[in-house]
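Residue-level listing of the chains:
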Amino acid sequence: MEEALETQPYYWGRTPEEEDYYYLQGIKSTKSFYTSPRGLTLFTRSWLPLNSSATTPPRGIILMVHGYGNDISWTFQATSIFLAQNGFACFSLDLEGHGQSQGLKAYVPNVDLVVDDCLSFFDFILSQNPNFQNLPKFLYGESMGGAICLLIHFKNPTLFNGAVLIAPMCKISDKVRPRWPIPEILTIVARFAPSLPIVPTADLLDKSVKVPEKKIIARMNPSRYQGKPRLGTVLELLRVTDYINSRLCDVNLPFMVLHGSADVVTDPEVSKELYELAKSKDKTIKIYDGMLHSMLYGETDENVEMVRQDILKWLNDRC
């Protein structure tokens with residue numbers, strides 16, 4: 001896999017410190033830039049079991065999708081490292097306008113194109129690694145990334161063997177959805193200035209991360225978007241989540257949905273709707289009492305480990 005990624009243009013070599021870090025974690029890791037079919041330059045990472053090779057394949061392949069305003073190089077990759085330590089080959093990319101990928105920060109004018117980017121990147125991974133073709137393939141998405149995973153499933157229903165959805169943004173909850181006439185006013189303004197960062201909202205990090213020390217670390221992320229949401233992004237997320245909510249009954253792949261009961265960023269009730277309406281025969285839901293939105297980073301170490309082990313057991317049972 002390392003050779004495949006290193007042939008990509010704009011490859012970033014790893015420093016000795018990075019190599020030492022991942023080696024001490026018991027995994028291999030690469031980073032690269034991938035050019036999507038629409039010409040967008042996207043930053044990517046892989047996290048692989050240390051003994052992964054053509055003769056010793058991983059247990060499964062996971063395409064991991066981060067959430068709004070986040071990226072793959074800070075707190076997000078802690079879960080990727082954990083899964084690689086347990087035998088899974090994980091791949092991810094900074095979405096358009098996020099992290100080190102091309103695009104105006106936190107501006108996502110068309111989520112359908114982002115879905116195409118993710119699918120083309122995963123197709124590239126499979127084409128470069130023929131030994132991956134017959135391995136179990138999973139989606140993993142956090143928040144907005146969970147919504148993108150469902151859109152990927154709708155676009156290619158047979159490619160993946162399952163999905164792990166962390167507090168997925170399947171619908172903008174009525175508790176936080178802007179009231180009339182704000183959406184109508186924002187829609188009019190967005191026609192002329194869709195990239196304006198003026199949508200009023202509280203700091204999502206404060207609402208997502210419970211442990212104070214972890215809030216400090218999260219704020220140190222140099223790639224974190226700290227401005228207000230952009231008009232075009234908000235309207236696109238409203239469109240996409242309304243679409244997903246109308247198609248919950250069409251979800252037909254094995255999935256595990258996890259949500260904190262105290263989450264005020266995405267609504268756990270909507271995850272319950274997904275579980276109840278999906279036609280999937282293999283579906284699991286976990287609602288964690290008192291947890292906030294960032295279950296795999298922002299909670300206590302004990303809570304994070306509990307969620308990780310639940311995910312690992314679900315994946316292992318399907319490999």
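In case you missed it, the structure is sitting above this.
Just so we're clear, the structure is a prediction, and the values are computed from it rather than from any experiment. (Residues numbered from 1 in each chain as written. Predicted model: local features only at pLDDT ≥ 70, side-chain atom pairs only at ≥ 80, totals over all residues. Heavy atoms only, no water.)

### Notes on the sheet that holds strand E8 (residues 283-288)
Paired through backbone hydrogen bonds, the strands of a sheet run either parallel or antiparallel to each other. What counts, and what does not: Two strands form a pair only when DSSP identifies at least two bridges running between them. What counts as a helix is a DSSP run of H or I of at least four residues, what counts as a strand is a run of E of at least two, and both are numbered from the N terminus. An axis is simply a line fitted to the C-alpha atoms; with a helix, the fit covers only the stretch in contact. Between two such axes, the angle follows the N-to-C directions and lies from 0 to 180 degrees.
If you walk across this open sheet you meet the 8 strands as E1-E2-E4-E3-E5-E6-E7-E8, and the pairing is mixed. Each having just a single partner strand, strand E1 (27-35) and E8 make up the two edges of the open sheet. Each strand axis lies, on average, 15° off the axis of its neighbour in the sheet, ignoring direction. Pairing of E1 with strand E2 (residues 41-49), which is carried by 9 bridges, proceeds in the antiparallel orientation. Residue pairing across strands places Lys31 opposite Arg45, the latter belonging to E2.

### Points about helix H4 (residues 111-128)
Threshold: Expected span of a helix, by definition, is 1.5 Å for each gap between consecutive residues, and there is one gap fewer than residues. Each residue is placed in one exposure class: buried if its accessible area under a 1.4 Å probe, protein chains only, is under 20% of its type's maximum, exposed if it is over 50%, and partly exposed if it falls in between. In protein, a polar contact means a hydrogen-donor-capable atom and an acceptor-capable atom, both N or O and within 3.5 Å, with residues adjacent in sequence counting only if both atoms are side-chain atoms; elsewhere, any N or O pair within 3.5 Å suffices.
With 18 residues, H4 extends 26 Å from end C-alpha to end C-alpha; this agrees with the ideal 26 Å at 1.5 Å per step. All of the buried residues along H4 are Val111, Val114, Val115, Asp117, Cys118, Leu119, Ser120, Phe121, Phe122, Phe124, Ile125 and Leu126. Backbone nitrogen of Asp112 and a side-chain oxygen of the N-cap are separated by 2.9 Å at the start of H4; the cap is Asn110.

### A word on the pairing of E1
Burial within E1 is extensive, with 7 of its 9 residues counted as buried. Joining the antiparallel neighbours E1 and E2 is a turn of 5 residues, in which Gly39 adopts a positive phi near 85°.

### Some thoughts on the pairing of strand E5 (residues 137-142)
Of all the 6 residues making up E5, 6 are buried; the element is thus mostly covered by neighbouring parts of the structure. Of the two faces of E5, the one lined by Lys137, Leu139 and Gly141 and the one lined by Phe138, Tyr140 and Glu142 are each fully buried. Inspection of the sheet shows strand E3 (residues 60-65) paired to E5 by 5 bridges, in the parallel sense. Each bridged residue has a counterpart across the sheet, and for Ile62 the counterpart in E5 is Phe138.

That's the geometry; what it means functionally is another story.
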